[in-house]
Amino acid sequence: MTAFDGDPAAILARLAELRAHDAPTHGGHVLSYVYDSGLAELDELAGRAVAAMQPVNGLDPTTFGSVAVLERELLAFVRELLHGEPDVVGTVTTGGTESCLLAVKAARDAWAAAHGPGTPRLVAPSTVHAAFHKAAHYFGVELDLVPVDADGVVAVEAIDTRLGDDVALVVVSAPSYPFAVLDPVAGVAAACSARGIALHVDACVGGLVLPFWSGPDGDALPPWDFRVPGVTSISADLHKFGYAPKGASVVLQRPRDRQRAQYFATTRWPGYPVVNPTILGSKSAGPLAAAWAIVQALGVHGFAALAASMARSTAAVIAQIGRIDGLRIVGVPTGPLLAVAADESVPVERRVDPHHWADAARGLGWVLQLQPAFSQVGGVRLPATTHLTITPVTERTLPELLPALATAADSVRGEPHVDAAQLLAGLPLDQLGPSGLDSDTAWMLLQGFGIGSASGQGDGPLPDRMAPLLAIIETLPAPIAERLLIELLARLVEPTA
Ligand SMILES: Cc1ncc(COP(=O)(O)O)c(C=O)c1O
């Protein structure tokens, strides 16, 4: 008798069948989530590197010395790209969120060591990635969001006036995810260092592409990395524009002692001494090895060539949006990502609602990402938008993508934004506190909106149109919207009866 009596072919066939229903990870039809270099041989190399490291436990680089070597070499590459001197040290993490969490954890602990007990603040523009909301929530830090203007730009003075002794960390983005704005890193850094406050630059999305990017007139970008005095940490994701499989990012910090506050170590239990630079204990070394292999294969020259391709594609997409009556690009994007809003300078019948546009594009085979309108506390309401991330493979798709963007707009021009008030009419919203919304009620509400399968699982098909769901998210009080989304995602993985 053997422990293994499954049929590998049948098991893998089932996996292939499941994967066949996923959104396509390659080919450029999904313009968010996936970062396709367009180089099949690079994916092949990454896959082989993952396989080579499959049994290794990344927890302990003293037992598995290869982990330390790969991490050291990868950190050296990213540090040089971001102009870090030898006082910049870092860690390979499992993703952007973990890098951001660790930057906040280190800043909180460094602040507490200097200031004693208390609740520190984290100051950031309201476009900062949600990972910092999560970090504030996990680590007991108060998130203090500064409004941005309608183009997603934050004023240095607006951040400056929020600074005080209780601020453990300021975060700016290079660029921000929602509107691709390169925040004013140098100005904010000057304000922070004048007060001895740490500054994190979240370059999760931009870290491996902005080093090769220029401004709208071909001019050099203002410095945003370790060249700027006062920048104390930077996050940069290898599983985005580093083209690695998911599970790889870098957080770099300076000086060395600040980074040590990122670690957790304990000898206060009867088992092995625990020394963790990251949140996980045992962890895969596969994505680390894949990211390392990709960096070896591409080198600076390869990254530059891929960035040049994305710069051409981004310019082509921006030009095409400019030609589509009723749509506009929000602000001045920096990097291969952008947000598209309705052009409110033209009469309503000529405007294109970005969410209807995204739904129409999906019908044509292009998956764009809908972003809700957002009311800032003490600031302007930011418009509903649709997000596009451009990747190297996009250049190959331009002959079909550009006309599809226009066709999608033509098919929905003049259609007003979904009126969520109508969808929500009759719901006893005032009686629904987040604590009052149990699983069954939340599920019933979702089904009332036509979301989720009748079986009680969350695996019903996504609605054909996402615009109504986004309108509901824009309109419901955040705690209720969040509770409904939790229910939807939780039901997705509940075992069937
Ligand atoms: C600016 C920025 N920060 C943080 C993150 C979070 O990264 P991840 O999804 O890898 O956790 C993202 C993801 O898009 C991002 O764009």
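Our subject in this report is the structure included herewith. (Residues numbered from 1 in each chain as written. Predicted model: local features only at pLDDT ≥ 70, side-chain atom pairs only at ≥ 80, totals over all residues. Heavy atoms only, no water.)

## A short note on the overall build of the chain
Turning to step 1, where the next piece is worked out: A count of helical and extended segments in the chain gives 15 helices and 15 strands.
Turning to step 2, where the next piece is worked out: Taking 23 Å as the expected radius of gyration for a compact globule of 497 residues, we find that the chain reaches 23 Å, a close match to that expectation.
Turning to step 3, where the next piece is worked out: Viewed in the frame of its principal axes, the chain has a C-alpha envelope of about 70 × 60 × 50 Å.
Turning to step 4, where the next piece is worked out: Relative to its 497 residues, the chain shows a buried fraction of 50%.
Turning to step 5, where the next piece is worked out: A separation of at least 24 residues holds for 72% of the contacts in the chain among residues at least 6 apart in sequence.
Turning to step 6, where the next piece is worked out: Counting only carbon and sulfur atoms, one obtains 59% of the accessible surface of the chain, whose full area is about 22700 Å².
Turning to step 7, where the next piece is worked out: For the chain, the separation between the mean place of its 32 positive charges and that of its 51 negative charges on side chains is 5 Å. (Helix = DSSP H or I, 4+ residues; strand = E, 2+ residues; numbered from the N terminus. Rg over C-alpha atoms; globule rule 2.2 N^0.38 Å. Buried < 20%, exposed > 50% of the residue type's maximum accessible area, 1.4 Å probe, protein only. Contact = heavy atoms within 4.5 Å. Areas by Shrake-Rupley, 256 points an atom, 1.4 Å probe, with all protein chains shown as cover. Lys, Arg positive; Asp, Glu negative; His and termini not counted. Charge placed at Lys NZ, Arg CZ, Asp CG, Glu CD.)

## What to know about the site of the ligand
Turning to step 1, where the next piece is worked out: With respect to spatial proximity, the complete set of residues near the ligand consists of Gly95, Gly96, Thr97, His129, Tyr177, Asp202, Cys204, Val205, Asp237, His239 and Lys240.
Turning to step 2, where the next piece is worked out: In the model, an oxygen atom of the ligand is placed 2.7 Å from a nitrogen or oxygen of the His239 side chain.
Turning to step 3, where the next piece is worked out: The separation between an oxygen atom of the ligand and a polar side-chain atom of Lys240 is 2.9 Å.
Turning to step 4, where the next piece is worked out: Notes on the ligand: free accessible area 390 Å², of which the protein chains cover 84%.
Turning to step 5, where the next piece is worked out: Here the shell around the ligand is built from residues that sort into 3 nonpolar, 5 polar and 3 charged. (Near = heavy atom within 4 Å. Polar contact = N/O pair within 3.5 Å; in protein donor to acceptor, adjacent residues only side chain to side chain. Nonpolar A, V, L, I, M, F, W, Y, C, P; charged D, E, K, R; others polar.)

## Let's talk about helix H13 (residues 439–448)
Turning to step 1, where the next piece is worked out: Residues of H13 that are buried: Ala442, Trp443, Leu445 and Leu446. All buried residues of H13 lie within an arc of 160 degrees about the axis, which places them on one face of the element. For H13, the exposed residues set more than 90 degrees away from the buried face come down to Asp440, Met444 and Gly448.
Turning to step 2, where the next piece is worked out: In this structure, the buried side of H13 is in contact with helix H15 (478–492).
Turning to step 3, where the next piece is worked out: Just downstream of H13, Gly450 is the residue with a positive phi angle, here 80 degrees. (Arc of directions from axis to C-beta.)

## Digging into the sheet that holds strand E5 (residues 198–202)
Turning to step 1, where the next piece is worked out: The mixed open sheet is built from 7 strands, whose spatial order is E1-E7-E6-E5-E4-E2-E3. Two strands close off the open sheet at either side, each with one partner strand: strand E1 (89–93) and strand E3 (142–146). Geometrically, the sheet is characterised by an average inter-axis angle of 20 degrees between neighbouring strands, direction not taken into account.
Turning to step 2, where the next piece is worked out: Where strand E2 (residues 121–125) lies against strand E4 (residues 167–173), 3 bridges are found, and the strand directions are parallel. Each bridged residue has a counterpart across the sheet, and for Leu122 the counterpart in E4 is Leu169.
Turning to step 3, where the next piece is worked out: Sheet contacts for helix H4 (residues 96–115): E1, E2, E4, E5, strand E6 (233–237) and strand E7 (249–253); angle to E7, the most-contacted strand, approximately 25 degrees. (Pairing = 2+ DSSP bridges. Axes fitted to C-alpha atoms, helices over the stretch in contact; angles between N-to-C directions.)

## Here we look at helix H1 (residues 8–20)
Turning to step 1, where the next piece is worked out: Taking 1.5 Å of rise per residue, the 13 residues of H1 would be expected to cover 18 Å, and the 18 Å separating its terminal C-alpha atoms lies within 8% of that figure.
Turning to step 2, where the next piece is worked out: Capping of H1 at its N-terminal end is provided by Asp7; its side-chain oxygen lies 3.0 Å from the backbone amide nitrogen of Ala9. (Expected span 1.5 Å × (residues − 1).)

## Looking at the state of the cysteines
By definition, a disulfide links two cysteine residues through a covalent bond between their sulfur atoms.
Turning to step 1, where the next piece is worked out: One pass over the structure, following the stated rule, counts 0 disulfides.
Turning to step 2, where the next piece is worked out: Between Cys192, a free cysteine, and Cys100, which holds the nearest cysteine sulfur, the sulfur-to-sulfur gap is 16 Å.
Turning to step 3, where the next piece is worked out: Residue Cys192 is classed as buried on the basis of its relative accessible area, which comes to 0%.
Turning to step 4, where the next piece is worked out: This cysteine, Cys204, is not joined by any disulfide, and Cys100 carries the nearest cysteine sulfur, 3.9 Å off. (Disulfide = S-S within 2.5 Å.)

## Looking at the nonpolar core
Turning to step 1, where the next piece is worked out: Grouped together as the largest cluster of nonpolar side chains are 76 residues, with contacts concentrated most on Ile159, Val170, Trp224 and Leu238.
Turning to step 2, where the next piece is worked out: Residues in contact with Trp224, not counting those within four places in the same chain, are Leu82, Ala174, Leu182, Val185, Val201, Ala203, Gly207, Leu210 and Pro211.
Turning to step 3, where the next piece is worked out: Core analysis: the second largest hydrophobic core is formed by 48 residues, Val317, Ile321, Leu388 and Ile472 among them. (Core = buried A, V, L, I, M, F, W, Y, C linked by side-chain atoms within 4.5 Å.)

## Quick word on the packing of aromatic side chains
In this description, a pair of aromatic rings is defined by centroid distance and the angle of the planes.
Turning to step 1, where the next piece is worked out: Within this structure, the stated rule accounts for 5 aromatic pairs.
Turning to step 2, where the next piece is worked out: Between Phe241 and Tyr243 the ring centres are 6.5 Å apart and the planes differ by 80 degrees, which places this aromatic pair in the edge-to-face class. Residue Phe241 shares its accessibility class with Tyr243, and that shared class is buried.
Turning to step 3, where the next piece is worked out: Three or more aromatic residues link up through ring pairs in this structure, and these residues are Tyr35, Phe77, Phe241, Tyr243 and Phe303. (Phe/Tyr/Trp six-rings, centres within 6.5 Å; stacked < 30°, edge-to-face > 60°.)

## Comments concerning the packing of helix H10 (residues 354–363) against helix H11 (residues 394–412)
Turning to step 1, where the next piece is worked out: It is at 8 Å that the axes of H10 and H11 come closest, and there the two elements cross at 120 degrees. Taken together, the axis directions place H10 and H11 in an arrangement best described as oblique. Our pair here, H10 against H11, has a crossing hand that is right-handed. Along the contact surface, H10 presents His356, Trp357, Ala360 and Ala361, while H11 presents Leu405, Ala408, Ala409, Ser411 and Val412. (Parallel < 35°, antiparallel > 145°, perpendicular 65-115°, else oblique. Left-handed = near helix turned anticlockwise from the far one by under 90°.)

## Here we look at the pattern of salt bridges
Turning to step 1, where the next piece is worked out: Counted according to the given criterion, the structure contains 15 salt bridges.
Turning to step 2, where the next piece is worked out: Across the pair Arg19 and Asp22 runs a salt bridge whose closest N-O atoms are separated by 2.7 Å.
Turning to step 3, where the next piece is worked out: In this structure, Glu395 and Arg312 form a salt bridge, with 2.7 Å as the shortest nitrogen-oxygen distance. One end of the pair, Glu395, is in helix H11; the other, Arg312, is in helix H9 (residues 286–323), and 83 residues separate them in sequence.
Turning to step 4, where the next piece is worked out: According to the relative accessible area criterion, Glu395 is partly exposed, its value standing at 29%.
Turning to step 5, where the next piece is worked out: By sharing partners, the salt bridges in this structure join Arg121, Asp144, Arg162 and Asp166 into a single network. (Salt bridge = Lys/Arg side-chain N within 4 Å of Asp/Glu carboxyl O.)

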